[in-house]
Amino acid sequence: MDIFLLISSIVLVLLYTLIIIAKHKKPNKHFYEISTKPSILYNILLNFLYGCNMLLLIIFVIASFSKVMPTEEFSFTIGFVVSCVIILVLLCCNYFVYAGIKENKVYVHTVFKTKIIPIGDIKHIKEVLHFSIKFYDINHKTLFVLGSDFFKSGDVVLFIKNKKQEETDYVCNIIENKVYSEYNFLDSNDEKRLISLGQEYRNNFEKFRKQYIIINLIVALLVVLIFCGLSIVAKSVVYGLCFALPFIIIDFILVRRKLKQMAAELNKDDKFLGLKYRFRFKNIKGEHKNIIHKITNYCVLGIIVTGVFASFTAMFRNTPYDYEDLTTITYEMKSFEKKENRNRFSITFNNNIEYDLPAFNVKNFDYSFIDEVEEGDLVTLLIKESNYKVHIGKDDIYTYTYFYGVNANGKDYFTYDDYIKGFNDFYVGDDMLYYELGVSIALGLIILVSYIVFKSKEKNETVGI
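The rules behind the values
Residues numbered from 1 in each chain as written. Predicted model: local features only at pLDDT ≥ 70, side-chain atom pairs only at ≥ 80, totals over all residues. Heavy atoms only, no water. Buried < 20%, exposed > 50% of the residue type's maximum accessible area, 1.4 Å probe, protein only. Helix = DSSP H or I, 4+ residues; strand = E, 2+ residues; numbered from the N terminus. Pairing = 2+ DSSP bridges. Core = buried A, V, L, I, M, F, W, Y, C linked by side-chain atoms within 4.5 Å. Contact = heavy atoms within 4.5 Å. Phe/Tyr/Trp six-rings, centres within 6.5 Å; stacked < 30°, edge-to-face > 60°. Lys NZ or Arg CZ within 6 Å of the ring centre and 35° of its normal. Salt bridge = Lys/Arg side-chain N within 4 Å of Asp/Glu carboxyl O.

> Even after reading the chapter, I still don't get the pairing of strand β6 (residues 132–136), so can you show me in this structure?
Taken residue by residue, a regular strand's side chains alternate between the two faces of the sheet. Buried residues dominate β6, accounting for four of its five residues. Across five bridges, β6 lies against strand β7 (residues 142–147) in antiparallel orientation. Within the sheet, the bridge partner assigned to K134 lies in β7 and is V145. Where β6 hands over to β7, the hairpin turn is made up of five residues, of which H140 adopts a positive phi near 60°.

> Could you clarify how one ought to interpret the nonpolar core in this entry?
In a soluble, globular protein the nonpolar side chains are often hidden away together inside. Counting residues in each nonpolar core, the largest one holds 28 residues, and the members touching the most others are F365, F369, V379, L381 and F403. Going through the elements one at a time, β10 (327–339), β11 (344–349), β12 (353–356), β13 (378–383), β15 (397–408), β16 (411–414) and α11 (416–426) are the ones with two or more residues in this core. Apart from the residues lying within four places of it in its own chain, the contact partners of F369 are M333, F336, F345, I347, V379, V406, A408 and Y413. Within the second largest apolar cluster, 19 residues are counted, among which are I119, I122, F144 and F159.

> Help me understand the packing of aromatic side chains in this model?
Aromatic ring pairs are described here by two measures, namely the spacing of the ring centres and the angle between the planes. Throughout the structure, instances matching the rule amount to 19 aromatic pairs. Look at F360 and Y419: their rings are 6.2 Å apart centre to centre, the planes differ by 35°, and that puts the pair in the tilted class. Taken together, the positions of F360 in the loop between β12 and α10 (369–372) and Y419 in helix α11 put the pair 59 residues apart, joining distant regions of the chain. Among the aromatic residues, those joined into a cluster by ring pairs are Y321, Y323, F360, Y404, Y416, Y419 and F423. In this arrangement the basic side chain of K207 is found over the ring face of F208, its NZ or CZ atom lying 5.7 Å from the centre.

> Sorry if this is basic, but what is going on with the pairing of strand β2 (residues 98–102) here?
β2 sits mainly inside the fold: four of its five residues count as buried. Pairing of strand β1 (residues 34–35) with β2, which is carried by two bridges, proceeds in the antiparallel orientation. Bridging from a neighbouring strand, S35 pairs with G100 of β2. Here β2 pairs with strand β3 (residues 105–109) via five bridges, running antiparallel.

> How should I be thinking about the pattern of salt bridges in this particular structure?
Here the idea is simple: oppositely charged side chains can pair when their charged atoms come close. The full count for this structure, using the stated rule, is six salt bridges. Note that K276 is salt-bridged to E265, the shortest N-O span being 2.5 Å. You can see K276 sitting in helix α8 (residues 270–276) and its partner E265 sitting in the loop between α7 (237–264) and α8, a full 11 residues away along the chain. Across this residue pair, the class does not change: K276 and E265 are buried. By sharing partners, the salt bridges in this structure join D366, E372 and K411 into a single network.

> Explanation requested: the environment of S132 in the structure shown.
By the element assignment, S132 lies in strand β6. Exposure remark for S132: the relative accessible area of 16% places this residue in the buried category. Between the C-alpha atom of S132 and that of L146, which follows or precedes it by 14 residues, the distance is 5.7 Å.

> Is there a simple way to explain unusual backbone geometry in this structure?
Here the phi dihedral of E103 falls at roughly 55°; this positive angle occurs in a residue that is not glycine. Here E103 lies in the loop between β2 and β3. Here the phi dihedral of N409 falls at roughly 55°; this positive angle occurs in a residue that is not glycine.

Shown next, in the form of structure tokens:
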């Protein structure tokens, strides 16, 4: 571990140095009429976080080599290495990913190359959640993407909008709501098509409304099935309901709000309806790409959620002790204690160590022990020798460990098999982890299949807007 930390620290320092040097050798932004500008505060924050992570990493490297603490205590420092790598990637984006405009062309710079796009090719601009701005052509193909708030790209969008309106007969049609802003540059033919689509949407509103409800019911049903599977694996209906109910409630609220919004939008003109709902119609370029995009968004969200669950499951997975790793001890019993409110049963011998029954085994213990075993009787426990812990409370300090078998006066009150049964009933780590990974893989396959199926249908799209 110490060699790994040393090499990682050297490599990270060298990479940071190279990025700073390259930053001062990049093309001069004054070459352009206008360009995106990285946020200074964002830049300062990234450098500060990187400095803190590197400082801690170097301290741990020194501590590791000086043997101040055992090397295995520093396994968590891999997190600092990963954090530094992520921050370096964000710094590269902040320094080297930008766009500039000159002579009616957009120069999109990335870390490794520059892409040149004529302003005339830009047909639609969409800003989502003030985070990213996407630029599309007439076929609704993504030309390039810019950061929004962090890179102050609003001036570039405004410049492109004015250029297109000055030099062509395009009219900029704007759709805005709390989630996104959309700029669409339309000529007279586009407007006629959109008015026609808007009229068709208005006339068939009930059909589109039912389609929306059915699609959401299918999605909700799939999610409920996933949570039902979760309940089965977790062996608890409550566990699945805790996650399913909030989703059902939120989904109901969102669908209800969307249906109200759709009904209210009927008061707007046909061009607005045609523009907003154009991808509901066949043969419109971008129709199938829009379907792929929506399916991908839902599935990626599901993969992220199940991935987080899987990470926590893997982090807290546990395995029972093997019988061979346990040791038997025999002492005269001093006392025992049963606390119903805390699901706790403990036995104390003359060695003043408290031996506790694992919490998940409270239903597997034979409590006739309380009436049949007296102070001074010989009691044999099955324990893990290296598993002693110290409890420090407000009023007392004592050493304790857990027992995994109890025998007194020739009778077994709690066996190793009872311990294993309670453990398997309580911990569902492996099954849960496999289920969550299985759901993630299934969602990934849905993305792949939908891409293959709908991508093949793009050749049928003939109308570009």
